[in-house]
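Chains, contacts and geometry: an overview
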Amino acid sequence: SDIDDPHYRDVINNACQHTNLLDLMANNAYGEDGPLAHRGGLLTHTALTLKTALGMVETGREPSVDLRIDRSLVIAASLLRNVGYISALKLDGTSFILQDSANLLGIRYLSAMWANHILISTESDLRLTIPEPKKLALQNACFANTIDECSTIESRIVLLAHQFTDEIYNGRSLYDKHRTI
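Here's a quick rundown of the structure.

Conventions adopted
- Residues numbered from 1 in each chain as written.
- Predicted model: local features only at pLDDT ≥ 70, side-chain atom pairs only at ≥ 80, totals over all residues.
- Heavy atoms only, no water.
- Helix = DSSP H or I, 4+ residues; strand = E, 2+ residues; numbered from the N terminus.
- Expected span 1.5 Å × (residues − 1).
- Contact = heavy atoms within 4.5 Å.
- Axes fitted to C-alpha atoms, helices over the stretch in contact; angles between N-to-C directions.
- Parallel < 35°, antiparallel > 145°, perpendicular 65-115°, else oblique.
- Nonpolar A, V, L, I, M, F, W, Y, C, P; charged D, E, K, R; others polar.
- Salt bridge = Lys/Arg side-chain N within 4 Å of Asp/Glu carboxyl O.
- Buried < 20%, exposed > 50% of the residue type's maximum accessible area, 1.4 Å probe, protein only.
- Disulfide = S-S within 2.5 Å.
- Phe/Tyr/Trp six-rings, centres within 6.5 Å; stacked < 30°, edge-to-face > 60°.

The next subject is helix α3 (residues 41-60). For α3, with 20 residues, the first-to-last C-alpha span of 29 Å sits near the 28 Å given by 1.5 Å per residue. Residues of α3 that are buried sit in contact with α2 (21-26), α4 (71-80), α5 (85-88) and α9 (153-170).

Below, the structure written as structure tokens:
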């Protein structure tokens, strides 16, 4: 695994094994309309977000930049940032429709709830304790919707990679009205 941090590695491995995370992503859309509103759209968006975020991490490791970036957090957060779409969308024939939960709570909140559930399940299943700062950093990266809401450089990287992926697929960001950069 490319996740060096044992806590984040445990979280992602547990999510993949016990919730079949990658299968769920492969069977869900990213949004109810647009170019990724099809089975596999969520996994496609997640993969490009991860690839973009890792490129940003490598740039941050250049000697002239000298940033301390937790690559493991960036990977885990990129994988979980949009996991809320799994419960937000329902396949109705050949198209996906937004569930009431998404309308009431929003994707960011649903993703943070999923991330929190995965964290709790990992601690319970593996009988370990994930340090609180690591949990908070992961939750923030899943929930932050603007640069001002990001509490870490890793959260900013994941948000910007996510927005860049939206730009590529939608020609605009889904969060243009919230953009602060």
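Bringing the packing of helix α1 (residues 6-18) against helix α7 (residues 107-126) into the picture now. At their nearest, the axes of α1 and α7 sit 9 Å apart, and the two run at 90 degrees to each other. As judged from the angle between their axes, α1 and α7 are roughly perpendicular. Counting all contacts with α1, which are made through Asp10, Val11, Asn14, Ala15 and His18, the residues of α7 involved are Ile118, Leu119, Ser121, Thr122, Asp125 and Leu126. Among the residues making up the contact of α1 with α7, the classes are represented as 5 nonpolar, 4 polar and 2 charged.

Let us look at the pattern of salt bridges. As enumerated under the stated definition, the model contains 4 salt bridges in all. Between Lys134 and Asp5 there is a salt bridge whose closest N-O contact spans 2.1 Å. Residue Lys134 is found in helix α8 (residues 132-143), and its partner Asp5 is found in the segment before α1; the two are separated by 129 residues along the sequence. Given a relative accessible area of 12%, Asp5 falls into the buried group. When the shortest N-O distance is used, the salt bridge between Lys135 and Glu123 registers 3.3 Å. Highlighted residues: Lys135 in helix α8 and Glu123 in helix α7, separated in sequence by 12 residues. Each member of the pair, Lys135 together with Glu123, is buried. Ionic contacts of the salt-bridge type, sharing partners, join the residues Glu123, Glu132 and Lys135 into one network.

Using the criterion set out here, one finds 0 disulfides in the structure. Note on Cys142: no disulfide assigned, nearest cysteine sulfur contributed by Cys150 at a separation of 11 Å. Cys142 sits in the buried class, given a relative accessible area of 0%.

Below, the discussion takes up the packing of aromatic side chains. Taken as a whole, this structure holds 2 aromatic pairs when the rule is applied. Arranged with centres 6.5 Å apart and planes meeting at 75 degrees, the rings of Tyr109 and Phe143 form a pair that is edge-to-face. Placement of Tyr109 in helix α7 and of Phe143 in helix α8 is noted, with a sequence separation of 34 residues between them. Exposure remark for Tyr109: the relative accessible area of 39% places this residue in the partly exposed category. For Phe143, a relative accessible area of 40% corresponds to the partly exposed category.

So, about unusual backbone geometry. Backbone geometry at Asn20 places phi at a positive 55 degrees, although glycine is not the residue there. Looking at where Asn20 falls in the secondary structure, it is placed in the loop between α1 and α2. A relative accessible area of 40% means that Asn20 is categorised as partly exposed. We note that Arg127 has phi near 50 degrees; this positive angle belongs to a residue other than glycine. Examined against the element boundaries, Arg127 turns out to sit in the loop between α7 and α8.

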